[in-house]
Structures are given as C-alpha cells and as structure tokens.
Amino acid sequence: MSNDLKQRNNPLHGLTLEAILTALVAHFGWAGLAERIPVRCFSSDPSITSSLKFLRKTPWAREKVEGLYGFMQREIHRANKGDPSAG
C-alpha cells in the first residue's frame, strides 16, 4: 500500500493535536477527559496549552488521546447513522 493511500485512510490525517484535543474537550469536557485518560494535565487546572505541552513530550499519552478521538468519531458516526437529519 502506498504511503499516500495510507494517509488518506488515516482518520487523523491533516488534523493537528490541538484540533483533536479541542474536539475531545468539547465532547467530553475536561472532567470526562480526565476520567478516560487519567493524567494530571486534564484534571488539575487543565488548559489546552498545558495539555499540548505535556502531550507533545509524552508519546504514550498522545497515543491515548488519538485513540480516544477515533473512538469518539466512530460513536458520533454511529449515532448519526440513525438520524436522517444528520449529514
């Protein structure tokens, strides 16, 4: 499989970490995010800036955030499938 095709099939392709984090916070809130990924930057005085700083330095936490984003997108897609007014 060519690299171009892999990227087209990657649901995170073209998204910044900031966009992913912002979408997760909008969907789950900081408390919900901290519940799903228990790291201090989500639970203690959370902000996008401090969380991005942590996530950029911590590959395992970034992977969890990206995985949760994929899960959230699948859930939204499933929920919208039964809704004729969505999309």
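Bear in mind the structure is a predicted one, so any value in this text is a computation, not a measurement. (Residues numbered from 1 in each chain as written. Predicted model: local features only at pLDDT ≥ 70, side-chain atom pairs only at ≥ 80, totals over all residues. Heavy atoms only, no water.)

1. Notes on the packing of helix α2 (residues 17-36) against helix α4 (residues 48-57)
At a minimum axis distance of 11 Å, the contact between α2 and α4 shows a crossing angle of 120°. With respect to α4, the axis of α2 lies oblique. At the point where α2 passes α4, the crossing takes the right-handed sense. Each of L17, E18, L21, T22, V25 and W30 in α2 lies in contact with α4, whose residues at this interface are I48, S51, L52, L55 and R56. Of the residues contributing to the contact of α2 with α4, the split by class is seven nonpolar, two polar and two charged. (Axes fitted to C-alpha atoms, helices over the stretch in contact; angles between N-to-C directions. Helix = DSSP H or I, 4+ residues; strand = E, 2+ residues; numbered from the N terminus. Parallel < 35°, antiparallel > 145°, perpendicular 65-115°, else oblique. Left-handed = near helix turned anticlockwise from the far one by under 90°. Contact = heavy atoms within 4.5 Å. Nonpolar A, V, L, I, M, F, W, Y, C, P; charged D, E, K, R; others polar.)

2. Thoughts on the environment of I76
Here I76 lies in helix α5 (residues 59-81). Residue I76 is classed as partly exposed on the basis of its relative accessible area of 31%. Taking the C-alpha atoms as reference points, I76 and H27, separated by 49 residues in sequence, lie 10.0 Å from one another. (Buried < 20%, exposed > 50% of the residue type's maximum accessible area, 1.4 Å probe, protein only.)

3. So, the packing of α2 against α5
The contact between α2 and α5 brings their axes to 10 Å, and the two run at 90°. Classed by the angle they form, the pair α2 and α5 counts as roughly perpendicular. Between α2 and α5, the residues in contact are L17, I20, A23, L24, H27, F28, L33 and R36 and R62, V65, E66, L68, Y69, M72 and I76, respectively. Along the lines of polarity and charge, the residues of the contact of α2 with α5 split into eleven nonpolar, one polar and three charged.

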